[in-house]
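Here is what each chain is made of, one letter per residue.
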Amino acid sequence: MKDLAYPHTLFNFVDYYIAIANYSVVKSTKVKRFCYNIFLLVALLLGWVSCSVYKYVPEDEYLLTDVSVKVENAKIQNLSRYKSLPRQFPNSKVFGVFRIPLRMYSLLGGKEGKVGEAPVIFDSIYTVESVRDMRNLLVNSGYLNADVEYKTKKSRGKKIDVEYLLKPGTPFVVESIDVRIADPTIASILKNSNSTPLISEGMNLDVIALDNERIRIVDLLQKQGYYRFDKSYITFQADTVAKSKKVHLTMFIDGAEHTQYEMGDITYVLTDNPNYSLDNYNDYKVDESEGYRVLYSEKNKKPELKHEALLGHSFLRKGMLYNTDSITKTYSTLSKLRYNQYSNIVMDVVEGKDELATTVFFVKRPKHSLTVEAEGTNTNGDLGAAASVSIIDRNLFRGSEQLSLKGRIAYEAITALSGYSGDSYLEYGVEANMDFPSLIVPLVPIDFQRKSQATTQFSVEFNKQKRPEYEKILFTTRWSYLWAPTWRQSHRLDLADWNYLMVPWVSPKFKTEYLDPITGKNSILRYNYEDLLITKLGYQFVLSNARTNAVVPLQYSFRFNIETSGNMLYAASKAFGMSQNQDGQYECMNIAFAQYVRNDLSYTLNWRINQSNNLLFHIESGLAVPYLNSNSVPFEKRYFAGGANSVRGWSVRELGPGTYVGNEKKVDYIKQSGDIKLGASIEYRSHLFWKLNAALFVDAGNIWTIKEYEDQPGGQFLFDQFYKQIAVSYGAGLRMDFNFLVVRLDAGIKAINPNYASGKEKYPILNPSLKRDLAFHFAVGYPF
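Overview of the structure. None of the values given here were measured: they were computed from a predicted structure.

Thresholds applied
- Residues numbered from 1 in each chain as written.
- Predicted model: local features only at pLDDT ≥ 70, side-chain atom pairs only at ≥ 80, totals over all residues.
- Heavy atoms only, no water.
- Pairing = 2+ DSSP bridges.
- Helix = DSSP H or I, 4+ residues; strand = E, 2+ residues; numbered from the N terminus.
- Axes fitted to C-alpha atoms, helices over the stretch in contact; angles between N-to-C directions.
- Polar contact = N/O pair within 3.5 Å; in protein donor to acceptor, adjacent residues only side chain to side chain.
- Core = buried A, V, L, I, M, F, W, Y, C linked by side-chain atoms within 4.5 Å.
- Buried < 20%, exposed > 50% of the residue type's maximum accessible area, 1.4 Å probe, protein only.
- Contact = heavy atoms within 4.5 Å.
- Parallel < 35°, antiparallel > 145°, perpendicular 65-115°, else oblique.
- Nonpolar A, V, L, I, M, F, W, Y, C, P; charged D, E, K, R; others polar.
- Phe/Tyr/Trp six-rings, centres within 6.5 Å; stacked < 30°, edge-to-face > 60°.
- Lys NZ or Arg CZ within 6 Å of the ring centre and 35° of its normal.
- Salt bridge = Lys/Arg side-chain N within 4 Å of Asp/Glu carboxyl O.

**A few points about the sheet that holds strand 5 (residues 234–240)**
Reading across from one edge, 4-6-5 is the order of the 3 strands in this open sheet, with mixed pairing throughout. The open sheet has two edge strands with one neighbour each: strand 4 (173–181) and strand 5. Strand-to-strand twist across the sheet, computed as the mean angle between neighbouring axes with direction ignored, equals 20 degrees. One ladder, built from 7 bridges, connects strand 5 with strand 6 (residues 246–253); its direction is antiparallel. By the bridge assignment, Thr240 is partnered in strand 6 with Val247.

**A few points about the sheet that holds strand 3 (residues 159–167)**
Strand order in the open sheet made by the 3 strands is 1-3-2, with mixed pairing throughout. Here the strands that pair on one side only, and so sit at the sheet edges, are strand 1 (63–71) and strand 2 (147–155). Neighbour-to-neighbour, the strand axes of this sheet turn through a mean angle of 20 degrees, independent of strand direction. Two elements, strand 2 and strand 3, share 9 bridges in a ladder whose sense is antiparallel. Paired with Thr152 across the strands is Val162, a residue of strand 3.

**Regarding the pairing of strand 18 (residues 489–506)**
With 14 bridges connecting them, strand 17 (residues 470–486) and strand 18 associate as antiparallel partners. Along strand 18, the bridge assignment pairs Arg478 with Asp497. Counted along the chain from strand 17 to the antiparallel partner strand 18, the turn is 2 residues long. Alignment of strand 18 against strand 19 (residues 532–544), held across 11 bridges, turns out to be antiparallel. Looking across to strand 19, one finds that Gln489 is bridged to Leu543.

**Considerations on the side chain of Asn463**
Along the polypeptide, Asn463 turns up in strand 16 (residues 455–466). Within the local environment of Asn463, its side chain forms a polar contact with the side chain of Glu427, the two groups lying 2.9 Å apart.

**Here's the deal with the nonpolar core**
Counting residues in hydrophobic clusters, the biggest one holds 23 residues, and the most contacted among them are Tyr268 and Phe362. Of all the secondary structure elements, the ones that give two or more residues to this core are strand 7 (262–271), strand 9 (292–296), helix 8 (307–311), helix 9 (324–335), strand 10 (340–349) and strand 11 (355–364). Here Phe362 is in contact with Val269, Leu270, Thr271, Leu305, Leu310, Leu334, Leu337, Tyr339, Asn340, Tyr342 and Ser343, once residues within four sequence places are set aside. In this structure, Leu64, Val69, Leu137 and Val148 belong to the second largest nonpolar core, which totals 17 residues.

**What about the packing of helix 6 (residues 184–192) against helix 7 (residues 207–222)?**
With their axes 11 Å apart at the nearest point, helix 6 and helix 7 run at an angle of 105 degrees to one another. Between helix 6 and helix 7, the angle falls in the class roughly perpendicular. Residue-level contacts link Ile186, Ile189 and Leu190 of helix 6 to Ile217, Leu220 and Leu221 of helix 7. Taken together, the residues of the contact of helix 6 with helix 7 break down into 6 nonpolar, no polar and no charged.

**So, unusual backbone geometry**
A negative phi angle characterises most non-glycine residues, just as the trans form characterises most peptide bonds. Note that the residue after Gly656, namely Pro657, is joined by a cis bond; omega there is 0 degrees. Take Pro657: it is sitting in the loop between strand 24 (613–626) and helix 14 (668–671). At Asn78, a residue that is not glycine, the phi angle is positive and equals roughly 55 degrees. Structurally, Asn78 can be placed in the loop between strand 1 and helix 3 (79–83).

**Notes on the packing of aromatic side chains**
Two aromatic rings, taken as a pair, are described by how far apart their centres are and by the angle between their planes. Applying the stated criterion across every chain, the model contains 24 aromatic pairs. Here the aromatic rings of Phe436 and Phe458 are separated by 5.9 Å at their centres, their planes lie at 85 degrees, and the arrangement is edge-to-face. One end of the pair, Phe436, is in strand 15 (residues 424–436); the other, Phe458, is in strand 16, and 22 residues separate them in sequence. Accessibility expressed as a relative area gives 28% for Phe458, which makes it partly exposed. Here a set of aromatic residues connected by ring pairs shows up, and it is made of Trp704, Phe717, Phe719, Phe722 and Tyr723. Directly above the ring of Tyr529 sits Lys472, whose terminal nitrogen or CZ lies 4.1 Å from the centroid.

**Describing the pattern of salt bridges**
Going through the model one piece at a time under the given rule, you end up with 40 salt bridges. Between Asp211 and Lys231 there is a salt bridge, with its nearest N and O atoms 3.2 Å apart. In this pair, Asp211 sits in helix 7 while Lys231 sits in the loop between helix 7 and strand 5, placing the two residues 20 residues apart along the sequence. Notably, a salt bridge pairs Asp219 with Lys223, separated by 3.3 Å at the nearest N-O pair. Exposure remark for Asp219: the relative accessible area of 35% places this residue in the partly exposed category.

Listed below in structure tokens is the structure:
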């Protein structure tokens, strides 16, 4: 049997091509040897660059090898702030141990570039400046009598370590606080605000805290109409009590007249070429309404965007108080419009009035685009090609609705598939996607839609595959809602996700050899080659503090997903007394429908140790349960273990369920799926040089079935056995991170193999064999 290692079911058609990208190349001897040579080359390279790192350290100079910051007989807050102050740090280390970039510099003959890092030569001037910076920070943190010292330690081989010693002494502490505000309106706003002050009695006399309090007040007042209010109007006076370190703190807000501004007329300019002055748009047409107007090019009969689209994504209204929060939210919501390239908001004070004339420049993207793509494929040595054409309209109904149409065709030769009439694989399909920048739901307030950045998605897809073994046709329709109340959380509701799978033809040889119950009881395999209807209803919730281009020391991401199928059809079939087929299943349009519930959970924690090193923890679980109209979960909804994004000591779909051991036939990969999944990983990522990164990892997990299947012996989940069946692997990887694309090569080695009950086969970590235990994985993207 040829090329059934990863079945070409239409439901997991996308997964199939991901599997090609994430191909666990351990199955291909040539590719395995190639990947092994890559890792061997890297190992030899690392050994080669172990030549002297002192070659380019000048005579009578020293290589800085360590910098530490310590505190003498005291505890201070935010010690990490002081550890970031030294003007010099040692050369970067991979995994916190190896100075590979420095060694590469030596290897390249002292040429600093993408892959090399010049030695950091100790400079006493920088050290003195670092001492000054640390002392200033201590003083600003309330340690007015602080001192900082440093000492160096030289060792053999032109190395030097620097240690900074902080001597903070006793801090000056705020004993009382007095607030004096001349403007009664501002005083009332601050008094009634829910915002918590950042200064309090008992705190150190911390200049940074005082400045943060000024920022808090300015931010609060600028949300209440004070357009011209800034930090210069807020001052502090500190008076010390004689012969003590207690401080009486007074905060003053300048008594100058402060004006609250309202939003005046609002103008939206729809333009291709922004020039941030209305004088440059005198030839534009004007479409006016109460409180705002829209300027658009004279070549258009109507504004390119409806008023509802602009107002539905803007928090600015005439007559409201100026509010920086509304400005920020307007930028954010406008950026979600597919027709918007970027926006700019300009405000000017109206002469003689407490009003702000506001102009929102909406810079448009091209309305239409055409994309043609071609790709080559290689599946276990079988070559092929694919092509696709995409057409996009980003403003179909003048509301920034996006329509995308895509057609795709693929062909691949299939060799060494004896006994079948064909020798090729052909796939073609079309799909249409329609995105609306709002919730298409009655009675939903526009304020909720604006605040939650809601969208509605509709899609229709037709796909057909023809192989020597079978033909499959898939028709899919989907209706989804997406919304994000805050930047930390997002929601997705798949209200209707219908998948209609037809198998119009199966090769007699394939049917006889693999599907007929007379020659085999592969019920899971047979179920995958029968007509099927899935009517999914699903919900997904994501909570994360990761932001684009933001450096967060501790990032987390939590995902929750639940979906179910067939419940309404089953209830209707029961209510109307529909008859069942010979397998005891109700049908819709003469096709048995799937009925199941599936739940997935995952949590990832990313600890940023320093600029070059990250430590990540990942756990996940999954449960899929068939009931009533189904005896098993549809294959594409089942779980698998092993591969580039799972337990990497095993190739894709080689692990589990439970203790089940597949044979050498590739069709067994279909049996190696389950209804329950548990997984965990620890990964240490470190920057090498240029775009190249390295990783060390440990993975653990497995899959199980919820009941004992005859063709999956040992696969059932049992509470008194499952923990003994957890597979463990370890390994290393290389990653090329281009920001927009990550290419990854991982090598995983088995550590604990659940296929064996005891002995050295059970614990290959004690008796490793690369031929038996090593698996390579080439993938696109990080594993989590």
